[in-house]
Amino acid sequence: MSSKGQHVQDNSVAERRLRPIYDWLDIGNNKKALQECDKVLKKTPNLQCAKALKALTLHRIGKEAEAANILDALTAESPTDDATLQAMTLCYRELQQLEKICKLYETAVKLDPTNEELFTHLFMSYARIFDFKSQQKTAMTLYKHKPKTPYYCWAVMSIILQATRGEGKDDLKKRKLLLSLAERMMEKLIVDGKLDAEQEVQLYIMVLELQEKYEDIMVILEGPLGTKLACSNLPQNRLKYLLPLTRWDEINLLCKGILMESVDRWDIWKEYINSVFELMAAKPCVETNNHDNHDGAADGDMETVDDTPEKCHEFICRIVENGADNGFLLRGPYLARFELCSKLLKRNVDASDVLGETIELFIEYFRKFGHKPCCVSDLRLYLNLLDGEKKAELSSRLIKDVGISSTSVPQSEQQMQRHLCALQLSRLCGAHRNLTSDHLKALVTAFSLHYEHGYQTYGTDLLSTDLGPSDPYALLAAHVLYDLSRTEQSSEPIIAALVLLENMLKNSPSNFHAKLLSVRLYHTVGGCLGAQNLYNSLDTKHLQLDSLGFVHCARLSTTGLYSLCSNLFDVTLKFFSSNYKDSSDHITFSYKYGSFIKLDEFMDFRERLNNSMHYTTVAIDRIVLSLVECTNLDGLYNIDISPKDDKIDWEALRDNHDLSVYISWDPERIDGPPEEFEDIKQFFTQNLVFLKLRTSVLWSLSAAVDIIKSSDGVRTKHVDQLKNILQNWEALCAESRTRNYVPLRQNQVTLPLPSRLHVALDTPHFAVVGNTFRVLLAAASECGAGEDLVKKIEGSLKTMMEMIEKRTEDEKNSNLVYRRETMEYVVNTVEILSLSSLVCLLCNDLVKPTQGKKGKKKVNESTSKELVNRLANSLKTHINELNNILQSWSDFSVSSDLPSMLESLNLNSDGHNVCENIVNSYVFACREIQSVLKSKIKMLNIVS
């Protein structure tokens, strides 16, 4: 048999033997896969692919050290077969060691320099780690071996990325040079007649766009290369590049043409109206009568530029009339009138001359589209066109227009929707502000009655996945009840709102608006268990763990329910970790299929998630939780303390929270989405400061562990490191206090609860934990400052416990909002005591007598030991004190006036389930906290 035939036979045998391993791995049975690996390696001990698969299996069952040893040995063998390399690539990806994949293929291509597939994999390995220079070099080498246009385009795209994300990002000269090179390379393709595919033309346009050569792009779009853009919308593409060229007349005509075909294109309507005013500004002396005598000349009008508000309004009216003639009613042209009105008012032009009274536009729109739920969100954008008096007039006119009085009910589902729309717009106009408690209660009663009537009449035959048509009545009632709780400074209306929403969810189990609102209300009163149940029913997954995670996960750390925290934190961190691995596939597929225009989007998406504030917060909270639950030094040494390898890019952190997911009709929403509120920007800043304070604790602890583990020669370096961290931490605390950060106002139920920074600054984190680290430094440096530090710590602990005792005994605890705040103080206190106890344990390890030197015991060593014992005894005393406080504080019940309040609001429930969730949340939290405190007492007994 020839050598070639023998090789094919060997491959066939190997594949047959490896097949069961792949099958077991595919179904997730790693133990069976490992057994098959051992079986194959027993027969063929030198089969590299089997070794790679064994490494992968070992990693998946948690034996990472063994997997790493096998991979290192395999790398030394320099494998070149695809199956082995793919298995090793998969293993390195799961280990998040992407750089090693590059080295793997670098070695392989040296051994087989003409293998196209190996070069392709090498390029993709560089793409995963964003090594753009190496990408360019590899792509050009590949193109020389196999002159295919896609490989050439890979090189061009790599140069573009160097200009936009690599060395040219902050260097304009380099950026210009790199983009010029990319342009010349694409021009060479055109000269050689190799620019054929749509993706390649898009790449050329991308290069020109980055250089702002819009005229050249227009030439391409209108030339033979433009015909290759088969999947693109040519008018849309032309409009995109006409805008930066400010060719307003062409833009105007192009928009008119698109709008005649697609009446509801809101993005085009805005550009059309904007072009009208730009043309008007460019021609201040234009004759205003050239729009006359156009009757019956619609085709001619399409070739005439509209450069006055009158012409613009005529065009809008013509489209409205065309729609009416054809028997359809679309919102685009009607909303265009509002946009035109808005532009006129911004230029201090009286809009009534062109459009009539502004309030009549709202009334007309409501009459045509009030039966659609989108009517409210449409009109909300333009309510600022009215002053306070006109808003009040609009509110009363809309309610009157619906024809439903306080004693009547809707006669049809469409009338009910119009009534809801009128009520929601009325709230947006401020009709529910500054009302008395009795008036607010009357509103709640009316809304709950309307909800019951709507459900009984129109909602009983719906599927469980449908939202009930009358559900917004209940949501409105819940919002009004929150207003009532703010007016009365009582938590009872919040519980009533939760009862109302609970009843509504029995009828509409899929209403996510009610679930989100309930989660927020439960957290307002500290009912974490109820919030957890509802959050689970939302079934948040994938991206929602980042955009919606703040709803529940952000507040969980303040509840004291550590077991819930642990599970949710792990799920969230798993998503971020897997996303970082999976998102590299999006990038490699973009190259593979030539989707160059999507590359930037995928890279931005990856960075956005990697720099998520929520991700960083959860990662740090998870580490702190592990420290709070830690009970000995061995456990401490096994915790990976440093968050994200000490490489948090504070400037790049961003808030991905989707606050607009909450449905809201508060008047503040007229000004824009909540993400743009100044209060929310301040809230983000406060959270950022809070994260910096918490990372200071972790970095201090990491440096302290290094001091304990280090030998005398290296210890000075770690001592200096800890001193610097403590100085920065203390300075940050002082600066944060001087800034007098204001808590986020709670006048809107759809905004988050105040930042955790405020309670963190109210409790003596640095005064206790920071000074405990300084006791450790004093012991390590053998200086005599330890006694003064211990006195300061004892004083701070005493003050902290007095504050906790005062809060738990305060009569305000009957208000569950105040009680929730008290629980946050308790959780911070537990954190301080737990971290201080761990540092005390480290101090004890540092000062304990050295074996074999009993006769040479130093005096200051004995003094340090006494100080550590004194510190440990003080911590134990205060831990016991907190334990006793919690014992009495956890025993409480919800107000006995609740049933009568629910009855007065016509809510047919005793609220037992809601009350039980709230009470159990506090009871279980206190038990978990007491369990942690007992473990700390046991741990500190080792010291003294």
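In every chain, residue numbers begin from 1 and rise along the written sequence. Side-chain atom pairs in this predicted model are given and counted only at pLDDT of 80 or more, local residue features only at pLDDT of at least 70, and totals for whole chains, interfaces and linings cover all residues. For side-chain calculations, the full set of non-hydrogen atoms in the structure is used, while hydrogens and water are omitted.

**With respect to the overall build of the chain**
To keep it simple, the criterion reads: Every helix listed is a DSSP run of H or I at least four residues long, and every strand listed is a run of E at least two residues long, numbered separately from the N terminus. Only protein chains enter the accessibility calculation, which uses a 1.4 Å probe. A residue is then buried if its area is under 20% of the maximum for its type, exposed if over 50%, and partly exposed in between. What makes two residues a contact is simply this: any of their non-hydrogen atoms within 4.5 Å. Using a 1.4 Å probe, accessible areas were evaluated by the Shrake-Rupley method; residue-level cover was limited to the displayed protein chains. By the counting rule applied here, Lys and Arg register as positive and Asp and Glu as negative, while His and the ends of each chain are not counted. To locate a charge, the coordinates of NZ of Lys, CZ of Arg, CG of Asp or CD of Glu are taken.
Across its full length, the chain carries 43 helices and zero strands. Expressed as lengths along the three principal axes of its C-alpha atoms, the size of the chain is roughly 115 × 90 × 55 Å. Counting the 944 residues in the chain, one finds 54% classified as buried. Residue pairs in contact within the chain that sit at least 24 positions apart in sequence constitute 72% of those at least 6 positions apart. Roughly 43100 Å² of accessible area belongs to the chain as shown, and the carbon and sulfur atoms make up 49% of that amount. Charge separation in the chain, taken as the distance between the mean sites of 110 positive and 127 negative side-chain charges, equals 8 Å.

**Quick word on a negative patch on the surface**
Rules: A patch consists of residues whose relative accessible area exceeds 30% and which take part in no salt bridge; residues with like charges are grouped when within 9 Å of each other, and nonpolar side chains (Val, Leu, Ile, Met, Phe, Trp, Tyr) when within 5 Å. The working definition used for a salt bridge is a side-chain nitrogen of Lys or Arg within 4 Å of a carboxyl oxygen of Asp or Glu.
There is a patch of like negative charges on the surface, built from E310, E314, D350, D353 and E357. Inspection of the secondary structure puts E314 in helix α17 (residues 309-325). Given a relative accessible area of 33%, E314 falls into the partly exposed group.

**With respect to the environment of A872**
Considering the arrangement of structural elements, one finds A872 in helix α41 (residues 859-889). Relative accessible area serves as the criterion here: at 0%, A872 is assigned to the buried category. Distance from A872 to I937, taken between C-alpha atoms, is 9.1 Å for residues 65 residues apart in sequence. Each residue touching A872, except ones within four places of it in the same chain, is listed here: C840, L940 and V943.

**Quick notes on the packing of helix α27 (residues 512-524) against helix α28 (residues 528-538)**
Rule in force here: A fitted line through C-alpha atoms serves as each axis, taken over the contacting stretch for helices, and the angle formed by two N-to-C directions is quoted from 0 to 180°. By the definition adopted for this analysis, an angle is roughly parallel if under 35 degrees, roughly antiparallel if over 145, roughly perpendicular if from 65 to 115, and oblique otherwise. Note on convention: the crossing is left-handed when the near helix lies turned anticlockwise from the far helix by less than a right angle, right-handed when the turn is clockwise. Gly is put with the polar residues, along with every residue not named as nonpolar or charged; the nonpolar set is Ala, Val, Leu, Ile, Met, Phe, Trp, Tyr, Cys and Pro, and the charged set is Asp, Glu, Lys and Arg.
In the contact formed by α27 and α28, the axes pass within 8 Å of each other and the chain directions differ by 155°. Between α27 and α28, the interaxial angle falls into the category roughly antiparallel. Seen along the crossing, α27 lies across α28 with a hand that is left-handed. Facing α27, whose interface residues are F512, K515, L516, S518, V519, Y522 and H523, α28 presents C528, G530, A531, L534, Y535, S537 and L538. Taken together, the residues of the contact of α27 with α28 sort by class into nine nonpolar, four polar and one charged.

**Side note on empty space enclosed by the protein**
Convention followed: The distinction between a cavity and a pocket rests on a 1 Å grid over the protein atoms alone: a 1.4 Å probe fits inside a cavity but cannot get out, while a pocket stays open yet meets protein on both sides within 12 Å along at least five of seven lines, and a residue with an atom within 4 Å of a point counts as lining. Grid points are joined across faces, edges and corners, and a volume is the space filled by probe spheres set on the points.
Overall, the coordinates contain nine cavities of 30 Å³ or more when judged by the stated rule. Quantified by volume, the largest cavity comes out at close to 310 Å³. Together, 22 residues line the largest cavity, and F550, A554, H657, F683 and N687 are the ones closest to its centre. When residues of the lining of the largest cavity are traced back to their parent elements, those giving at least two are α27, α30 (553-556), α33 (613-629) and α35 (678-709). In terms of residue class, the lining of the largest cavity is made up of twelve nonpolar, seven polar and three charged. Estimates place the volume of the second largest cavity at around 120 Å³.

**Remarks on the packing of aromatic side chains**
Put simply, the rule reads: Only Phe, Tyr and Trp rings are paired, with Trp represented by its six-membered ring, and only when their centres lie within 6.5 Å; those with planes under 30 degrees apart are stacked, over 60 edge-to-face, the remainder tilted. Consider the ring centre and the ring normal. A charge sits over the ring if Lys NZ or Arg CZ is within 6 Å of that centre and within 35 degrees of that normal.
Under the counting rule described, the total for this entry stands at 24 aromatic pairs. An aromatic cluster of at least three residues, connected via ring pairs, comprises Y334, F338, F362, Y365, F369 and Y382. Above the face of the W889 ring, R819 is positioned so that its terminal group lies 4.3 Å from the ring centre.

**Concerning the nonpolar core**
Quick note on the threshold: Think of a nonpolar core as a cluster: buried Ala, Val, Leu, Ile, Met, Phe, Trp, Tyr and Cys residues, connected wherever their side-chain atoms sit within 4.5 Å.
Within the largest apolar cluster, 318 residues are counted, with the highest numbers of intra-cluster contacts made by Y591, L636 and L776. Residue contributions to this core peak at 17 residues, all from helix α40 (residues 816-847). Once residues within four sequence positions are removed from consideration, Y591 is found in contact with F123, M124, A127, Q135, W154, M157, L161, F596 and L599.

**Some details on the packing of α33 against α40**
In contact at an axis separation of 8 Å, α33 and α40 are set at 70° when each is read in the N-to-C sense. For the element pair α33 / α40, the angle class is roughly perpendicular. Judged by the sense of rotation from one axis to the other, the crossing of α33 with α40 is left-handed. Judged by residue contacts, V624, L627 and V628 of α33 engage V830, E831, S834, L835 and L838 from α40. Of the residues that constitute the contact of α33 with α40, the class distribution is six nonpolar, one polar and one charged.

**Quick word on unusual backbone geometry**
The phi dihedral of F130 is positive, around 60°, even though this residue is not glycine. One can find F130 in the loop between α7 (116-128) and α8 (132-145). Classification of F130 by relative accessible area gives partly exposed; the value is 24%. Located in the positive-phi region is E212, a residue other than glycine, with phi close to 60°.

**Section: helix α25 (residues 471-488)**
Applied cut-off: By this rule, a helix spans an expected 1.5 Å times one less than how many residues it contains.
Helix length check: α25, at 18 residues, gives a terminal C-alpha distance of 26 Å against a target of 26 Å (1.5 Å per residue), a fit within 8%. Among the 18 residues in α25, 15 count as buried, and that is most of the element. Remark: Q489 follows α25 within two positions and exhibits a positive phi of approximately 55°.

**Overview of the pattern of salt bridges**
Under the criterion given, the structure shown has 47 salt bridges. Where D267 meets R265, a salt bridge forms, and the shortest distance between an N and an O atom there is 3.0 Å. Residues joined by salt bridges that share partners form a network here, namely E215, E222, R238, R247 and E250.

**Remarks on the confidence of the model for the chain**
Cut-off, in case you're wondering: Every residue is assigned a pLDDT by the predictor, reflecting its confidence on a scale from 0 to 100.
Overall, the predicted model of the chain reaches an average pLDDT of 89, with 94% of residues at or above 70. pLDDT under 50 marks residues 1-9. Its contacts with residues more than four places away, or in other chains, come to two contacts. This stretch, residues 852-857, has a pLDDT under 50; its non-local contacts, to residues over four places away or in other chains, come to one contact.

**A few points about the state of the cysteines**
Threshold: Whenever a pair of cysteine sulfur atoms sits within 2.5 Å, that pair is classed as a disulfide.
Scanning the model with the defined rule gives zero disulfides in all. Here C37 is not disulfide-linked; the sulfur of C49 is the nearest cysteine sulfur, at 9.0 Å. Relative accessible area serves as the criterion here: at 0%, C37 is assigned to the buried category.

**As for the environment of A33**
As for its placement among the helices and strands, A33 is situated in helix α2 (residues 30-43). Residue class for A33 comes out buried when judged on its relative accessible area of 0%. It is 7.9 Å that separates the C-alpha atoms of A33 and K54, two residues lying 21 residues apart in sequence. Every residue in contact with A33, bar those within four places of it in the chain, is listed here: I21, W24, L25 and T57.

**Structural notes on the side chain of S736**
In this fold, S736 is placed in helix α36 (residues 712-738). Beyond its immediate sequence surroundings of up to four residues, S736 is in contact with V689, Y741 and L761.

**Re the side chain of N656**
In this fold, N656 is placed in the loop between α34 (633-638) and α35. Note on N656: relative accessible area 9%, which makes it buried. The residues touching N656, leaving out its near neighbours within four places in the chain, are D546, S547, R608, L609 and S612.

**Considering helix α13 (residues 234-245)**
If you check α13, its first and last C-alpha atoms are 17 Å apart, about what twelve residues at 1.5 Å a residue would give, namely 16 Å. Of all the residues in α13, the buried ones are N237, L239, Y241, L242 and L245. At its buried positions, α13 is contacted by α11 (198-210), α12 (214-222), α14 (248-261) and α15 (266-282). Where α13 terminates, the next one or two residues include T246, which has phi positive at roughly 50°.

**A closer look at the environment of D72**
Structurally, the position occupied by D72 is in helix α4 (residues 64-77). Residues D72 and Y152, 80 residues apart in the sequence, show an inter-C-alpha distance of 34 Å. Discounting chain neighbours no more than four positions away, the residues touching D72 are Y92 and K100.

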